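# Examination of the molecular architecture
Here are the chains, one letter per residue:
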Amino acid sequence: MKSSKIITIGIKELAHQKVILAAWYNFLKENFDAKKVSAEEFTLYLQAHVMYDLDKDQIELMLSGTESLLEEFRKSIFG
């Protein structure tokens, strides 16, 4: 398996967390269907860690994956 990296996405609204997690799932599923992500990687990367940053009063989503996969996802979300 390729080495994993982590990106964090700060969000203020709980509804935004749901949208980003749904987008992450769909993005991983599309890459799995295209055989760019193995079943093991799909399961591993699907696990998103969530923490609350008291200083910023926001939720931090921590998504893991290969550097290229995370960069593709970031581009698909933020343009």
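Further up the page is the structure itself.
Residues numbered from 1 in each chain as written. Predicted model: local features only at pLDDT ≥ 70, side-chain atom pairs only at ≥ 80, totals over all residues. Heavy atoms only, no water.

### A word on the packing of helix H1 (residues 14-33) against helix H3 (residues 67-78)
At a minimum axis distance of 11 Å, the contact between H1 and H3 shows a crossing angle of 125°. For the element pair H1 / H3, the angle class is oblique. Taken as a pair, H1 and H3 cross one another with a handedness that is right-handed. Residue-level contacts link Ile20, Ala23, Trp24, Phe27, Leu28 and Asn31 of H1 to Leu69, Leu70, Glu72, Phe73, Ser76 and Ile77 of H3. Residues belonging to the contact of H1 with H3 are distributed by class as follows: 9 nonpolar, 2 polar and 1 charged. (Axes fitted to C-alpha atoms, helices over the stretch in contact; angles between N-to-C directions. Helix = DSSP H or I, 4+ residues; strand = E, 2+ residues; numbered from the N terminus. Parallel < 35°, antiparallel > 145°, perpendicular 65-115°, else oblique. Left-handed = near helix turned anticlockwise from the far one by under 90°. Contact = heavy atoms within 4.5 Å. Nonpolar A, V, L, I, M, F, W, Y, C, P; charged D, E, K, R; others polar.)

### Observations concerning the pairing of strand S3 (residues 58-65)
In terms of burial, S3 is largely enclosed, as 7 of its 8 residues are buried. With 7 bridges joining them, strand S1 (residues 5-11) and S3 adopt antiparallel strand pairing. Residue pairing in the sheet places Ile7 in a bridge with Leu63 of S3. Looking at chain direction, strand S2 (residues 49-53) and S3 are connected through 5 bridges and run antiparallel. (Buried < 20%, exposed > 50% of the residue type's maximum accessible area, 1.4 Å probe, protein only. Pairing = 2+ DSSP bridges.)

### Describing the sheet that holds S1
In a beta sheet, neighbouring strands are held together by backbone hydrogen bonds and run either parallel or antiparallel to one another. The strand order across the open sheet formed by 3 strands is S1-S3-S2, and the pairing between neighbours is antiparallel. The sheet terminates laterally at S1 and S2, the two strands that pair on one side only. Along the sheet, successive strands turn relative to each other by an average axial angle of 25°, direction set aside.

### A word on the packing of H1 against helix H2 (residues 39-46)
The geometry of H1 relative to H2 is characterised by a closest axis approach of 10 Å and an angle of 175° between their N-to-C directions. Taken as axis vectors, H1 and H2 run roughly antiparallel relative to one another. Contacts between H1 and H2 involve Trp24, Tyr25, Leu28, Lys29 and Phe32 from the former and Ala39, Phe42, Tyr45 and Leu46 from the latter. Of the residues contributing to the contact of H1 with H2, the split by class is 8 nonpolar, no polar and 1 charged.

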